[in-house]
Amino acid sequence: MGSDRGLCEICRDVGATATCRTCGRRVCARHYERGRGLCIVCTASLCAICGKRLSIARCQVCLRLVCAKCSMQVDPVRRVCLDCYRSGRRAGEPPIEVYSMRKLASRIIRLEK
Ligand SMILES: [Zn+2]
Ligand SMILES: [Zn+2]
Ligand SMILES: [Zn+2]
Ligand SMILES: [Zn+2]
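As the structure is a prediction and not an experimental result, all values here were calculated from the model.

## Examining the coordination of the zinc ion (ligand 1)
Each pair of donors in an ideal four-coordinate tetrahedral metal site encloses 109.5 degrees, whereas pairs in an ideal six-coordinate octahedral site enclose 90 or 180 degrees.
(1) Moving on: The protein atoms that coordinate the zinc ion (ligand 1) are C8 (SG), C11 (SG), C28 (SG) and H31 (ND1), at distances spanning 2.0 to 2.3 Å.
(2) Moving on: Every donor counted, the four donor atoms about the zinc ion (ligand 1) form angles of 98 to 120 degrees at the centre, which fits tetrahedral coordination.
(3) Moving on: Sequence positions of the donors to the zinc ion (ligand 1) reduce to the motif C-x2-C-x16-C-x2-H. You can see C8 sitting in the segment before β1 (18-19) and its partner H31 sitting in the loop between β2 (26-27) and β3 (32-33), a full 23 residues away along the chain.
(4) Moving on: Since its relative accessible area comes to 0%, C8 is described here as buried.
(5) Moving on: H31 sits in the buried class, given a relative accessible area of 11%.

## Things to note about unusual backbone geometry
(1) Moving on: Positive phi is not limited to glycine here, since R12 has a value of about 55 degrees.
(2) Moving on: Take R12: it is sitting in the segment before β1.
(3) Moving on: Phi angles above zero are rare outside glycine, and L63 is one such case at about 65 degrees.
(4) Moving on: Structurally, L63 can be placed in the loop between β5 (57-58) and β6 (65-66).

## Quick look at the coordination of the zinc ion (ligand 3)
(1) Moving on: Coordination of the zinc ion (ligand 3) by the protein comes from C47 (SG), C50 (SG), C67 (SG) and C70 (SG), over a distance range of 2.3 Å.
(2) Moving on: With four donor atoms in place around the zinc ion (ligand 3) and angles of 99 to 116 degrees between them, the coordination shape is tetrahedral.
(3) Moving on: Mapped onto the sequence, the donors of the zinc ion (ligand 3) take the spacing C-x2-C-x16-C-x2-C. With C50 in the loop between α1 (40-44) and β5 and C70 in the loop between β6 and β7 (71-73), this residue pair connects regions lying 20 residues apart in the sequence.

## Quick notes on the environment of I40
(1) Moving on: Following the sequence through the fold, I40 ends up in helix α1.
(2) Moving on: The partly exposed category is assigned to I40, whose relative accessible area is 38%.
(3) Moving on: Expressed as a C-alpha distance, the spacing of I40 and I10, which sit 30 residues apart in the sequence, is 8.7 Å.
(4) Moving on: When neighbours within four sequence positions are excluded, I40 is seen to be in contact with I10, R30 and H31.

## A few points about the side chain of T43
(1) Moving on: Position of T43 relative to the elements: it lies in helix α1.
(2) Moving on: Residue classification places T43 among the buried positions, given a relative accessible area of 16%.
(3) Moving on: Those residues in contact with T43 that lie beyond four places of it in its chain are E33, R36 and L38.

## Some remarks on the pattern of salt bridges
(1) Moving on: The tally for this structure, following the rule as stated, stands at three salt bridges.
(2) Moving on: Between E33 and R36 there is a salt bridge, and its shortest N-O distance comes to 3.7 Å.
(3) Moving on: What makes R36 partly exposed here is its relative accessible area of 38%.
(4) Moving on: The salt bridge involving D75 is made with R78; its shortest N-O contact spans 2.8 Å.

Procedures and definitions
Residues numbered from 1 in each chain as written. Chains lettered and ligands numbered in written order. Predicted model: local features only at pLDDT ≥ 70, side-chain atom pairs only at ≥ 80, totals over all residues. Heavy atoms only, no water. Donors = N, O, S within 2.8 Å, 3.2 Å for Na, K, Ca; no water. Tetrahedral: all angles 85-135°; square planar, octahedral: opposite > 155°, others 65-115°. Helix = DSSP H or I, 4+ residues; strand = E, 2+ residues; numbered from the N terminus. Buried < 20%, exposed > 50% of the residue type's maximum accessible area, 1.4 Å probe, protein only. Contact = heavy atoms within 4.5 Å. Salt bridge = Lys/Arg side-chain N within 4 Å of Asp/Glu carboxyl O.

Written out as structure tokens, the structure is:
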């Protein structure tokens, strides 16, 4: 039994010792984060807000990776995270701070002319 030892599905170099609880990949110790029970691919793509679920998209405002529960679909193609949604920032509009900075900058430029 067991001619297939099962190599780590990430490096394909070392025998797998653990299974990622999210994607089910068989991975070696180097590519497994024991604390979370996830492979490194999954840890790298976790939601930036809850840190638990896998992200499915990027917030169109702050560009963080977000999962389905921590984001809102604002139109058929765009998603924003709940933080941005609650603070009234929407896809397509720059964050408030950036916007006012830009206004300020254009005012300075105008004065210098
Ligand atoms: Zn590996
Ligand atoms: Zn995984
Ligand atoms: Zn989340
Ligand atoms: Zn956001």
